[in-house]
Every structure is written in C-alpha cells, then in structure tokens.
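Structural overview
What follows is each chain in one-letter form.
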Amino acid sequence: MDQELTTSFELLERRLASMRELASSLEQVQSAVVRSDAPGIDSHTVRQGEICEALRQLESEALQHPPCAAIAGKSRDQKAGMQLPEDAVSPLVQQRWKTLAQELIQVEIRVSQLNQVYGALLRRARRTVQIFNRVLESSAITYAPPKPEPAIAQSTFQEVSHV
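Quantities reported herein were computed from a predicted structural model and do not represent experimental measurements.

Reading guide: rules and limits
Residues numbered from 1 in each chain as written. Predicted model: local features only at pLDDT ≥ 70, side-chain atom pairs only at ≥ 80, totals over all residues. Heavy atoms only, no water. Helix = DSSP H or I, 4+ residues; strand = E, 2+ residues; numbered from the N terminus. Contact = heavy atoms within 4.5 Å. Areas by Shrake-Rupley, 256 points an atom, 1.4 Å probe, with all protein chains shown as cover. Expected span 1.5 Å × (residues − 1). Buried < 20%, exposed > 50% of the residue type's maximum accessible area, 1.4 Å probe, protein only. Phe/Tyr/Trp six-rings, centres within 6.5 Å; stacked < 30°, edge-to-face > 60°. Lys NZ or Arg CZ within 6 Å of the ring centre and 35° of its normal. Axes fitted to C-alpha atoms, helices over the stretch in contact; angles between N-to-C directions. Parallel < 35°, antiparallel > 145°, perpendicular 65-115°, else oblique. Left-handed = near helix turned anticlockwise from the far one by under 90°. Nonpolar A, V, L, I, M, F, W, Y, C, P; charged D, E, K, R; others polar. pLDDT = per-residue confidence, 0-100. Patch = residues over 30% accessible without salt bridge, like charges linked within 9 Å, V, L, I, M, F, W, Y side chains within 5 Å. Salt bridge = Lys/Arg side-chain N within 4 Å of Asp/Glu carboxyl O. Lys, Arg positive; Asp, Glu negative; His and termini not counted. Charge placed at Lys NZ, Arg CZ, Asp CG, Glu CD. Core = buried A, V, L, I, M, F, W, Y, C linked by side-chain atoms within 4.5 Å.

1. With respect to the overall build of the protein
Per the secondary structure count, the protein includes 6 helices and 0 strands. For the protein, the N- to C-terminal ordering of α and β elements is α-α-α-α-α-α. Here the contacts in the protein between residues at least 6 apart in sequence split such that 73% fall between residues at least 24 apart. Approximately 11,200 Å² of the protein is accessible, and the part contributed by carbon and sulfur atoms is 56%.

2. A short note on helix H2 (residues 38-62)
Here H2 contains 25 residues, and its C-alpha end-to-end distance of 36 Å stays within 8% of the 36 Å for a straight helix at 1.5 Å per residue. Those residues of H2 that fall on the buried side of the exposure criterion are Gly40, His44, Gln48, Ile51, Leu55, Leu58 and Ala62.

3. Points about the packing of aromatic side chains
Applying the stated criterion to the full structure yields 1 aromatic pair. Above the plane of the ring of Phe9 lies Arg96, whose end atom (NZ or CZ) is 4.3 Å from the centre.

4. Section: the packing of helix H1 (residues 2-34) against H2
Contact geometry for H1 and H2: axes closest at 9 Å, N-to-C directions at 160 degrees. As the angle between them shows, H1 and H2 are arranged roughly antiparallel. Here H1 runs over H2; the crossing is left-handed. Class assignment of the residues belonging to the contact of H1 with H2 gives a composition of 13 nonpolar, 6 polar and 5 charged.

5. Quick word on the confidence of the model for the protein
Mean pLDDT for the protein: 81, with 73% of residues reaching 70 or above. Helix H4 (residues 76-80) is the least confidently modelled element of the protein, averaging 49 in pLDDT, while H2 averages 93, the highest of any element.

6. Here's the deal with a positive patch on the surface
On the surface, Arg123, Arg124, Arg126 and Arg127 cluster together into a positively charged patch. Mapping Arg124 onto the fold places it in helix H5 (residues 91-142).

7. Notes on unusual backbone geometry
Within the chain, Ser36 stands out as a residue other than glycine whose phi angle is a positive 55 degrees. Secondary-structure assignment places Ser36 in the loop between H1 and H2. Judged by its relative accessible area of 62%, Ser36 falls in the exposed class.

8. Things to note about the pattern of salt bridges
This structure, assessed with the given rule, holds 10 salt bridges. Arg20 is the partner of Glu103 in a salt bridge, and the nearest nitrogen-oxygen pair spans 2.6 Å. Placement of the pair is Glu103 in helix H5 and Arg20 in helix H1, with a sequence separation of 83 residues. Taken together, the shared-partner salt bridges in this structure form one network comprising Glu10, Arg14 and Glu61.

9. Regarding the nonpolar core
Grouped together as the largest cluster of nonpolar side chains are 22 residues, with contacts concentrated most on Met19, Leu22, Leu26, Leu55 and Val111. Looking at this core, the elements with two or more residues in it are H1, H2 and H5. With 11 residues, H1 is the largest single contributor of residues to this core. The contacts of Met19, once residues within four sequence positions are left out, are Leu55, Leu104, Val107, Glu108 and Val111.

Given below as structure tokens:
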C-alpha cells in the first residue's frame with residue numbers, strides 16, 4: 001500500500017505542477033496577444049500542446065492507481081469528494097492528500113477561467129484583423145494607382161522647368 005500511495009501522491013503532484021505550468025503559459029500568451037507578438041504566441045501554443053499531452057499521459061497513468069483514478073477525467077465536484085481509504089492511512093496523509101486535491105481543483109478552475117479569457121481575447125483580435133482586411137479591400141477602389149502621363153505633357157513640363 002505504501003508504494004501505491006507514494007505513486008498516487010507523485011501522480012497528483014505532477015498533475016498539479018503541470019496544471020500550474022499551463023496556467024502560467026495561458027497568462028503569458030495573453031500578454032503576447034495584446035502585444036501582437038506572433039512568435040511568442042506560437043511558442044506558448046506549442047508549449048501548451050506539450051503540457052496537454054503530458055496531462056493526457058498522466059491521466060492514463062492515474063487510471064491504473066485506485067486513489068488517483070478519482071482524479072483522472074472527473075469533474076471538480078467529484079474530485080472534491082475523493083478521499084483515501086481512512087483505515088489504510090494516517091490522518092496526516094489524509095490531510096496532505098486533501099490539501100493537494102483542493103489545490104488541484106483551484107488550479108483547474110483558474111485554467112478554465114484563463115482559457116475563457118484567452119478565447120475572448122483571440123475572438124476580439126480576429127475581429128480586429130477582419131475589420132482591417134475589410135478596410136483594405138474597400139480602399140483599393142478609392143486609391144487607384146496613378147495613370148501614366150502622356151509624353152506631350154512630360155516634354156512641356158521639362159521645357160518649363162528649364163526656363
């Protein structure tokens with residue numbers, strides 16, 4: 001039971017660390033969008049994909065461990081009620097597990113909020129780009145390229161400038 005418990009704590013802590021890293025990346029990418037920093041947006045998007053892949057792997061590992069199975073793929077309400085078997089572990093271990101589970105729930109809520117804000121920010125940026133595209137498309141008619149001057153007018157201009 002001790003080895004299984006140690007593994008469960010390790011998986012829970014790794015998930016918590018990954019979710020914190022994802023939250024940090026979401027905060028940073030929002031700044032990159034505001035600054036129109038395309039390379040920054042790209043790098044954070046790639047990093048977020050890597051973190052999500054690591055979280056999927058952690059989830060599959062957690063499904064193999066009974067205490068952590070409650071963490072994988074469950075809603076926040078279900079996670080709030082997850083507990084270790086009381087008769088198998090000390091109250092101190094129970095408290096540590098409960099604290100980590102609560103922290104995980106809080107970070108997941110934060111990631112969800114950051115995702116919503118990031119999505120709204122991207123929608124606004126897309127609308128701004130669409131507005132600029134429409135302005136450029138409509139101004140093409142207004143600002144036509146100048147027509148070449150006839151040869152007679154150019155020679156007259158050269159004669160006047162020599163005088």
